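# Results of the structural survey
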Amino acid sequence: MSPVYDRVALIGLGLIASSMFWAIKRAGLAGEVTGYARSEATRDTARRIGLCDRVCDSAAEAAEGADLVVLCVPVGAMGQVAAEIGPVLKPGATVSDVGSVKRAVIDAVGPHIPEEVHFIPAHPLAGTEHSGPQSGFAELYDNRWCLLVPTEGSDPQAVARLRALWEGMGANVEEMEADHHDLVLAVTSHVPHAIAYTMVGVADHLRRVTESEVIKYSAAGFRDFTRIAASDPTMWRDVFLNNREATLDILGRFTEELFMLQRAIRMGDETYLFDYFTRTRAIRRGIIEAGQDTDAPDFGRVKGKPA
Ligand SMILES: NC(=O)c1ccc[n+]([C@@H]2O[C@H](COP(=O)([O-])OP(=O)(O)OC[C@H]3O[C@@H](n4cnc5c(N)ncnc54)[C@H](O)[C@@H]3O)[C@@H](O)[C@H]2O)c1
Ligand SMILES: O=C(O)C(=O)C[C@]1(C(=O)O)C=C[C@@H](O)C=C1
């Protein structure tokens with residue numbers, strides 16, 4: 001594949017940036033990739049494992065002369081990094097990000113981007129519970145969604161170029177408006193993480209109270225929660241603080257449903273429980289039939305046939 005950009009700069013060298021680097025290299029999507037991370041230890045690790053063609057000692061040095069700069073830091077650090085690179089950005093360049101929240105990032109980054117630079121926020125819907133420069137892999141984005149969130153007046157050609165980069169990295173790309181993105185992600189990602197964190201906290205508390213062997217005998221459902229709850233604390237603190245309204249809205253709805261479920265259990269309401277679980281099972285089957293869960297053991301069944 002011919003390069004989409006001559007020079008790409010990745011700011012923040014964790015899971016998402018390192019996966020981008022390996023995916024860019026796999027498909028030859030950039031001439032040179034520069035990188036910067038705040039911690040010297042991360043920069044040293046990056047140099048040792050060959051992550052980035054050139055690891056720089058400041059965000060400005062990495063961004064200077066780049067055709068595309070991607071901010072891959074926690075959501076709460078985006079504004080500060082944008083302030084550091086703003087003055088050195090090349091006219092005609094594109095600045096993007098990978099943050100899990102979009103409205104707050106647009107508000108924090110936008111004011112630092114010069115008029116002659118394109119700002120096109122993005123969010124790859126792919127990740128793991130691991131973080132840091134050694135956690136990335138080239139296949140992370142294969143067949144995953146990447147949502148582009150063009151801002152008002154975004155140049156269509158610059159958007160098309162960023163789309164080509166993500167498609168070259170294996171992703172399926174769609175565009176979405178920022179507030180809608182934040183609401184959808186509150187449902188599909190942010191509140192599920194809050195629930196996992198809470199459930200693991202409950203089990204931890206119970207273990208201390210009863211000395212029972214919650215961890216040792218954890219069943220598969222709980223183990224899945226512990227994987228999610230092992231995700232990076234800084235990243236998730238920033239997600240909740242920066243998508244506060246949508247998260248609180250969905251958590252409120254969740255609490256109402258939970259109370260209804262609790263009541264049905266208390267009252268022995270067989271019909272409520274059976275109907276509720278029948279509806280939720282249909283949602284899971286819909287996801288698998290649409291080919292959206294490539295990890296599911298029953299993925300690959302003939303579309304339309306019940307699992
Ligand atoms: N992990 C996921 O599942 C996932 C998925 C999609 C999007 N995201 C988003 O991607 C971004 C990065 O997440 P990640 O999982 O790669 O995190 P990570 O913890 O693996 O990496 C973050 C990197 O940013 C660096 N950093 C932190 N503050 C900085 C600063 N002020 N200046 C420069 N570098 C700084 C850290 O040193 C680290 O190298 C976050 O905004 C997150 O919301 C994460
Ligand atoms: O697979 C995981 O470990 C993830 O949590 C990835 C996940 C998600 O919720 O799906 C987490 C945060 C993102 O912003 C995007 C993807």
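For the structure itself, look to the data block above.
Residues numbered from 1 in each chain as written. Chains lettered and ligands numbered in written order. Predicted model: local features only at pLDDT ≥ 70, side-chain atom pairs only at ≥ 80, totals over all residues. Heavy atoms only, no water.

### Remarks on the environment of Thr-128
Looking at where Thr-128 falls in the secondary structure, it is placed in the loop between strand 7 (122-124) and strand 8 (145-148). Between the alpha carbons of Thr-128 and Ser-231 there is a distance of 7.6 Å; along the sequence they are 103 residues apart. Here Thr-128 is in contact with Leu-15, Phe-137, Leu-140 and Arg-227, once residues within four sequence places are set aside. A polar contact of 2.9 Å, which involves the side chain of Thr-128, links it to the backbone nitrogen of His-130. (Helix = DSSP H or I, 4+ residues; strand = E, 2+ residues; numbered from the N terminus. Contact = heavy atoms within 4.5 Å. Polar contact = N/O pair within 3.5 Å; in protein donor to acceptor, adjacent residues only side chain to side chain.)

### Considerations on the site of ligand 2
The environment of ligand 2 is made up of Ser-100, His-123, Pro-124, Ala-126, Gly-127, Thr-128, Glu-129, Ser-189, His-193, Arg-227, Met-235 and Trp-236. A distance of 2.7 Å is found between an oxygen atom of ligand 2 and a side-chain nitrogen or oxygen belonging to Ser-100. Between ligand 2 and His-193, the relevant distance is 3.1 Å, taken from an oxygen atom to a side-chain nitrogen or oxygen of the residue. If ligand 2 stood free it would expose 370 Å²; the protein chains cover 80% of that surface. Elements with a contribution of two residues or more to the shell around ligand 2: strand 7, helix 7 (178-210) and helix 9 (233-242). Residue composition of the shell around ligand 2, by class: four nonpolar, six polar and two charged. (Near = heavy atom within 4 Å. Areas by Shrake-Rupley, 256 points an atom, 1.4 Å probe, with all protein chains shown as cover. Nonpolar A, V, L, I, M, F, W, Y, C, P; charged D, E, K, R; others polar.)

### Some remarks on the environment of Ala-37
On the secondary structure map, Ala-37 appears in the loop between strand 2 (30-36) and helix 2 (40-49). Each C-alpha atom, one on Ala-37 and one on Pro-133, is 9.3 Å from the other, the two residues being 96 residues apart in sequence. Discounting residues that sit within four places of it in the chain, Ala-37 has contacts with Gly-12, Leu-13, Thr-42 and Arg-43.

### Regarding the side chain of His-190
Within the secondary structure layout, His-190 lies in helix 7. Of the polar contacts made by the side chain of His-190, one reaches the backbone oxygen of Ser-100; its length is 3.3 Å. Not counting the four nearest positions on each side in its chain, His-190 is found in contact with Ser-100, Val-101, Leu-185, Trp-236, Val-239, Phe-240, Asn-243 and Thr-247.

### What to know about the nonpolar core
Counting residues in each nonpolar core, the largest one holds 40 residues, and the members touching the most others are Leu-10, Met-20, Tyr-141, Leu-165 and Trp-166. Looking at this core, the elements that each hand over two or more residues are strand 1 (5-11), helix 1 (15-27), strand 2, strand 4 (68-71), strand 8 and helix 6 (156-168). Top contributing element to this core by residue count: helix 1, with eight residues. The next biggest cluster of nonpolar side chains, apart from the first, holds 30 residues, and it includes Leu-89, Val-95, Ile-106 and Val-149. (Core = buried A, V, L, I, M, F, W, Y, C linked by side-chain atoms within 4.5 Å. Buried < 20%, exposed > 50% of the residue type's maximum accessible area, 1.4 Å probe, protein only.)

### Side note on the sheet that holds strand 8
Adjacent strands of a sheet form backbone hydrogen bonds with each other and so pair up, either parallel or antiparallel. Ordered by their spatial adjacency, three strands build an open sheet running 7-8-9, and the pairing between neighbours is mixed. Only two strands of the sheet have a single neighbouring strand rather than two, namely strand 7 and strand 9 (172-175). On average, each strand axis in the sheet is inclined to that of its neighbour by 20 degrees, with strand direction left out of account. Here three bridges tie strand 7 to strand 8, and the two strands are oriented antiparallel to one another. Bridge assignment links Pro-124 to a residue of strand 8, and that residue is Cys-146. (Pairing = 2+ DSSP bridges. Axes fitted to C-alpha atoms, helices over the stretch in contact; angles between N-to-C directions.)

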